[in-house]
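Coordinate analysis (summary)
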Amino acid sequence: MDHVVALLSVAAWSATGATAAARRGRLALGLLAAAVLVTLARVTTVALLAGRGWWFVQEKLLLNLPMLGAAGLAAVLIAGPRLLAARRAPDAGIPASAVVLPLTAGYGALAGLAVTFLAGYPLTWSTALIAGSLVGGGALLTARVVAAPVDTTGYADIASAQAPHGTPGFSRRRFIGLAGGAVVAGAGTTGVGLLFLPADSADTGGGPGWSSSSGPGASVADLRGPGAPAPGGTRRQYLLTAQTATVRLPSGREIKAWTYNGQLPGPPITATEGDLIEVTLRNTDIDDGVTLHWHGYDVPCGEDGAPGVTQHVVAPGEAFVYRFRADQVGTYWYHTHQASHLGVRRGLYGTLVVTPRGQQASTGRLDLTLPVHTFDGIGVIADQDGRTEHTAPAGTDVRLRLINTDSVPHRFALAGTPFRVTAVDGRDLNRPGEVSEAGLRLPAGGRYDLVFAMPDTPVALVLDNDHAGGLRLRPDDHAGAVGEGTAVEDTSGWPELDLLRYGTPAAVPFDADSRADRHFTIVLDRGVAMVDGRPAYGQTVNGRGHPSIPDQLVAEGDLVRFTVANRSLESHPWHLHGHPVLILSRNGTPSSGSPLWVDTFDVRPGEVWEVAFRATNPGIWMNHCHNLPHAHQGMMLRLCYDGVSTPFQGSHTARGGRGHGH
Ligand code: C2O
Ligand code: CU
């Protein structure tokens, strides 16, 4: 709404000036009144936005409104009376100021809009100087054009009305023009020059900076997993070969994909708590290179699979061995982190499920791991074998492990039975209540475990309101009932379950009142920024794009807090590697249900999330938007532990070629 009102103000002020120039005094006066009203409306919309937080209005309050307000006020106070006078005496002509001042207000409004869309938060001196000089320059140029004595046009008398020929006024005006031009040029040049000032390389979040005394410290290359399982555990070895392949989808359609072992999804990796997972990754013919990132799994940093940060990318013909202990129980997934905006979409992903020790997956239980992925615009949810229909005797304990492997959120609805969301992002909730007729919004990268007892009637898992597709479960004695047009009730109107109010509170190691050792603000937006060394209209964090976003510096043991504000018009599923974060609040409302530990939280337009975590996993960790194209367009930074260094380098993007890639 604010953008719309801002646009209207550009239009109203410009039209005022233009009609005055066209000597339509009466119309100009009416438009002037409209411009004033729209500007006042703008103050209201900005005030409303300010209620969401300073990050949403900073440039508007410090620059845009003052710039517009000053020009608008001058237009009202100086041009207004002249337009009034011109209306009373139409033959006297319209003075130049009545044209120049409203147009200047129009430039101011336009510049403000440009600042919001191109630069955003935080407002910098550079932006302010450039915007101010453009508006000032525009005003001077307009004055010059409007006031130039041209014999044959109506402008001649406009000029003479303001400063009669032959008086010293003319040269004074010339002097003002020259001086103004010099100021404008100086401000503009300074603003552009400031663009090239290097940014701080690190943000300390209010904590101490790099300790210089810590010597060489640890290298991520040495932060590797253990070589053996926990006592009683087993070693689970997998070989994953990245290769292009033609794969048949559950729908029967064949697609050219990038795969692990020629399968879509890649081989499911499963383990029991305490096992050692050992995965050898080979690359046959993925020219961009590949890695394996264990999404949501808090592996030692050297196993994290971030190319250019924790390892070299694995090029065709090369290999890398990952080893880590299956200490976290739950539903996770893995994917390439190299050119991931392409690789994951084309198929370089798979599931990772770790079950508790001592639990036998067997009779009386149906446990389905269900990654959702979009191929050629069609969302597919199926188990590893591509099956979308299952049977289970009534009374069976069913667990559906939903995994969103896409870059956008998906909506799920479970029709036909009440259920519980027992785990989010692999971590169990505390006493989750039974829900029915609720929509579930699963952020990009996120997981939900849904649990219910199989009823003696069919159950449907509806994906994105497509009631014909999705997954079907039926009790044994309903053989044949599914697939023969069992109508699924319309779930599209079901309200969305709010996980911040779901389940029961429980003890947490820290909360919103705990004093954080570091506090980082992450303001997400679109804007013009350097992304991988090139200017781009990118996805930005605090006005910058990867890799020019300062690293976040933490020390081991710190309690770290993030404030994540989304100024843009798209959702940003925020994802920190290596640590789950505890949700503290959303838009100022504290999380009031079960403690919610997640690795991805969806920050929707206009939202502000507060989350915290304990820095207990030393390393250099990617911290990014899990809308992977957004990450590629700049929305990615690093969280670095003091004393940890990396021997790997690269821009962590697809364009850098081998050894440099995201
Ligand atoms: Cu699932 Cu950095 O990613
Ligand atoms: Cu994003």
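Just so it is clear, the model here is predicted, and its values are computed rather than measured. Along each chain, residue indices are assigned from 1 in the same order as the chain's sequence is written. Each chain is given a letter, starting from A, and each ligand a number, starting from 1, according to the order in which they appear as written. In keeping with the model being predicted, local features are shown solely for residues with a pLDDT of at least 70 and side-chain atom pairs are shown and tallied solely at 80 or more, while totals for entire chains, interfaces and linings include all residues. Side-chain figures throughout are based on the complete set of non-hydrogen atoms in the structure, without hydrogens or water.

**Quick word on the coordination of the copper ion (ligand 2)**
- Sodium, potassium and calcium take a 3.2 Å donor cutoff, other metals 2.8 Å, and in both cases only N, O and S atoms count; water is not among them, so sites may look incomplete. Around the copper ion (ligand 2), the protein supplies His572 (ND1), Cys625 (SG) and His630 (ND1) as donor atoms, at distances of 1.9 to 2.1 Å.
- Motif for the copper ion (ligand 2), donor spacing along one chain: H-x52-C-x4-H. Of this pair, His572 sits in strand S26 (residues 572-576) while Cys625 sits in strand S32 (residues 620-625), and the two are 53 residues apart along the sequence.
- Note on Cys625: relative accessible area 0%, which makes it buried. Only DSSP runs of H or I covering at least 4 residues are called helices, and only runs of E covering at least 2 are called strands; the numbering of each starts at the N terminus. In this scheme, a residue with accessible area under 20% of its type's maximum is buried, one over 50% is exposed, and one in between is partly exposed, where area comes from a 1.4 Å probe on protein chains only.

**Side note on the sheet that holds strand S17 (residues 427-428)**
- Note: two strands are recorded as paired if DSSP finds a minimum of 2 bridges between them. Read across the sheet, six strands follow the order S12-S11-S14-S19-S16-S17 without closing on themselves; strand pairing throughout is mixed. The two strands at the open ends of the sheet, each matched to only one other strand, are strand S12 (378-381) and S17.
- Note that strand S11 (residues 365-375) and S12 share four bridges and pair antiparallel. Counterpart to Val372 in the pairing with S12 is Ile381.

**Section: the packing of helix H1 (residues 2-21) against helix H4 (residues 97-119)**
- Only the stretch in contact is used when fitting a helix axis, every axis being a line fitted to C-alpha atoms; angles between N-to-C directions are given from 0 to 180 degrees. Between H1 and H4, whose axes approach to 7 Å, the crossing angle comes to 160°. By the criterion of interaxial angle, the relationship of H1 to H4 is roughly antiparallel. The two elements H1 and H4 meet at a crossing, and its hand is left-handed. Facing H1, whose interface residues are His3, Ala6, Leu7, Ser9, Val10, Trp13, Ser14, Thr16, Gly17, Ala18, Ala20 and Ala21, H4 presents Ala98, Val99, Pro102, Leu103, Ala105, Gly106, Ala109, Leu110, Leu113, Thr116 and Phe117. Orientation categories follow fixed angle ranges, with anything under 35 degrees roughly parallel, anything over 145 roughly antiparallel, 65 to 115 roughly perpendicular, and all other angles oblique. Crossings are classed by handedness, with left-handed meaning an anticlockwise turn of the near helix from the far one by less than a right angle and right-handed meaning a clockwise turn. Two residues form a contact once any of their heavy atoms are found within 4.5 Å.

**What to know about a nonpolar patch on the surface**
- Patch membership requires over 30% relative accessible area and the absence of a salt bridge. Like charges are linked within 9 Å, and nonpolar side chains (Val, Leu, Ile, Met, Phe, Trp, Tyr) within 5 Å. The Shrake-Rupley method, run with a 1.4 Å probe sphere, supplies the accessible areas, and residue values consider only the shown protein chains as cover. The rule for a salt bridge is simple: a side-chain nitrogen of Lys or Arg has to be within 4 Å of a carboxyl oxygen of Asp or Glu. Judged by side-chain polarity, Leu73, Val76, Leu77 and Ile78 come together as a nonpolar surface patch covering roughly 350 Å² of accessible area.
- Tracing the backbone through its elements, the reader meets Ile78 in helix H3 (residues 58-88).
- Ile78 sits in the partly exposed class, given a relative accessible area of 39%.

**Brief notes about the sheet that holds strand S3 (residues 235-248)**
- What the four strands build is an open sheet, ordered S4-S3-S6-S8; its pairing is mixed. At either margin of the open sheet sits one strand with a lone partner, and together these are strand S4 (254-260) and strand S8 (319-325). Ignoring strand direction, the axes of neighbouring strands in this sheet form an average angle of 25°.

**Some remarks on unusual backbone geometry**
- Omega for the bond connecting Tyr121 with Pro122 falls within 30 degrees of zero, at -5°, which places this linkage in the cis form.
- You can see Pro122 is positioned in the loop between H4 and helix H5 (125-147).
- The omega angle of the peptide bond from His546 to Pro547 is 0°, so this bond is cis rather than trans.
- Look at Asp425: it is not a glycine, yet its phi comes out positive at around 50°.
- Mapped onto the fold, Asp425 is located in the loop between strand S16 (420-424) and S17.
- Phi is positive for Asp532, which is not a glycine, with a value near 50°.
- Its place among the elements puts Asp532 in the loop between strand S22 (518-531) and strand S23 (534-541).

**Quick word on H3**
- Expected helix span is computed as 1.5 Å times (number of residues minus one). Between the first and last C-alpha of H3 there are 43 Å, a value that for 31 residues agrees with the 45 Å anticipated at 1.5 Å per step.
- Fitting axes to the seven residues that end at a residue and to the seven that start at it, the angle between those axes gives the bend at that residue. Ala79 marks the point of greatest bend in H3, at about 40°, and the proline Pro81 comes within the next four residues.

**Things to note about the environment of Gly445**
- Mapped onto the fold, Gly445 is located in the loop between strand S18 (439-442) and strand S19 (447-453).
- Of the residues examined, Gly445 reaches a relative accessible area of 0% and is grouped as buried.
- Expressed as a C-alpha distance, the spacing of Gly445 and Tyr334, which sit 111 residues apart in the sequence, is 9.8 Å.
- With near-sequence residues (within four places) excluded, Gly445 lies in contact with His295, Trp333, Asn404, Asp406, Asp599, Thr600 and His626.

**A look at the packing of aromatic side chains**
- Note on aromatic contacts: the rings of Phe and Tyr and the six-membered ring of Trp form a pair at centre separations within 6.5 Å, being stacked when their planes are under 30 degrees apart, edge-to-face when over 60 apart, and tilted otherwise. Enumeration over the complete set of coordinates arrives at twelve aromatic pairs.
- Judged by centre distance (4.9 Å) and plane angle (55°), the ring pair of Trp294 and Phe324 falls under tilted. Separated by 30 residues along the polypeptide, Trp294 in strand S7 (residues 293-295) and Phe324 in strand S8 bring together distant segments of the chain.
- Residue Trp294 is classed as buried on the basis of its relative accessible area, which comes to 0%.
- Relative to Phe562, the ring of Phe520 has its centre 6.2 Å away and its plane inclined at 70°; by these criteria the two rings are edge-to-face. With Phe520 in strand S22 and Phe562 in strand S25 (residues 559-566), the pair connects residues that are 42 residues apart, well separated along the chain. Here Phe520 and Phe562 have matching classes, each one buried.

**As for the layout of surface pockets**
- Throughout, the protein atoms alone are placed on a 1 Å grid, and a set of points is a cavity if a 1.4 Å probe fits but cannot get out or a pocket if it is open with protein on both sides within 12 Å along at least five of seven lines; lining residues have an atom within 4 Å of a point. Grid points are joined across faces, edges and corners, and a volume is the space filled by probe spheres set on the points. Approximately 1400 Å³ is the volume found for the largest pocket.
- Lining the largest pocket are 49 residues, with Thr124, Leu195, Val528, Gly543 and Arg544 positioned closest to its centre.
- By residue number, the principal contributor to the lining of the largest pocket is H5, which donates six residues.

**With respect to the pattern of salt bridges**
- A complete count under the given rule lists 27 salt bridges for this structure.
- Arg427 serves as the salt-bridge partner of Asp298, at 3.4 Å between the closest nitrogen and oxygen. In this pair, Asp298 is assigned in the loop between S7 and S8 and Arg427 in strand S17, connecting sequence segments 129 residues apart.
- What makes Arg427 buried here is its relative accessible area of 13%.
- In this structure, the salt-bridge partner of Asp602 is Arg441, at a minimum N-O distance of 2.4 Å. Of this pair, Asp602 sits in strand S30 (residues 600-603) while Arg441 sits in strand S18, and the two are 161 residues apart along the sequence.
- One network of salt bridges, in which partners are shared, links Asp298, Asp425, Arg427, Arg447 and Asp599.

Nothing here speaks to function; it is all geometry.
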